[in-house]
Amino acid sequence: MGWLWAIIVGFVLGLIAKAIIPGKQHSPLWLTTIFGMLGAIAGNAIARGFGVEATSGIDWWRHVFQLVAAIIIVAVGDSLYMATLGKRKQRA
């Protein structure tokens, strides 16, 4: 059940990050989901570092850290994806 939640959270975070980033992102949905999962993991680690990994009620700060990390990872990952895809198209 933990992996299912990780995929769902990664999917949602990846889509929100894609919506926030200006311009069009070209990475496929499965890659966006993986980027979102990595953003959730990185956000949890950052929240743990700031001491806000578990609070009473909704962990708003943890979610903010997850979203910011997902935005950064989606932006960087999409640019790397396009750089790789562009090189592949030039060779063909």
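Residues numbered from 1 in each chain as written. Predicted model: local features only at pLDDT ≥ 70, side-chain atom pairs only at ≥ 80, totals over all residues. Heavy atoms only, no water.

Describing the pattern of salt bridges
In step 1: As enumerated under the stated definition, the model contains 1 salt bridge in all.
In step 2: The salt bridge partner of D59 is R62, with a shortest N-O separation of 3.2 Å. (Salt bridge = Lys/Arg side-chain N within 4 Å of Asp/Glu carboxyl O.)

Some words on the packing of aromatic side chains
In step 1: Counted according to the given criterion, the structure contains 2 aromatic pairs.
In step 2: Taken together, a centroid distance of 5.3 Å and an interplanar angle of 10° make the contact between F50 and F65 stacked. Of this pair, F50 sits in helix α2 (residues 29–50) while F65 sits in helix α3 (residues 60–91), and the two are 15 residues apart along the sequence.
In step 3: Pairing W61 with F65 gives two aromatic rings, centres 6.3 Å apart and planes at 40°, and the pair type is tilted. Taken together, the residues W61 and F65, both in helix α3 and 4 residues apart, mark about one turn of the helix.
In step 4: The class for W61 is exposed, based on a relative accessible area of 58%.
In step 5: Every member of this aromatic cluster is reached through a ring pair, and the members are F50, W61 and F65. (Phe/Tyr/Trp six-rings, centres within 6.5 Å; stacked < 30°, edge-to-face > 60°. Helix = DSSP H or I, 4+ residues; strand = E, 2+ residues; numbered from the N terminus. Buried < 20%, exposed > 50% of the residue type's maximum accessible area, 1.4 Å probe, protein only.)

Examining the environment of F50
In step 1: Overall, the relative accessible area of 60% leaves F50 in the exposed class.
In step 2: Measuring from C-alpha to C-alpha, the distance between F50 and W61 comes to 9.6 Å, with 11 residues separating the pair along the chain.

Things to note about the confidence of the model for the chain
In step 1: Taken residue by residue, the chain gives an average pLDDT of 88. The fraction at 70 or more is 91%.
In step 2: Looking at the elements of the chain, mean pLDDT is at its lowest for α3, recorded as 86, and at its highest for α2, recorded as 93. (pLDDT = per-residue confidence, 0-100.)

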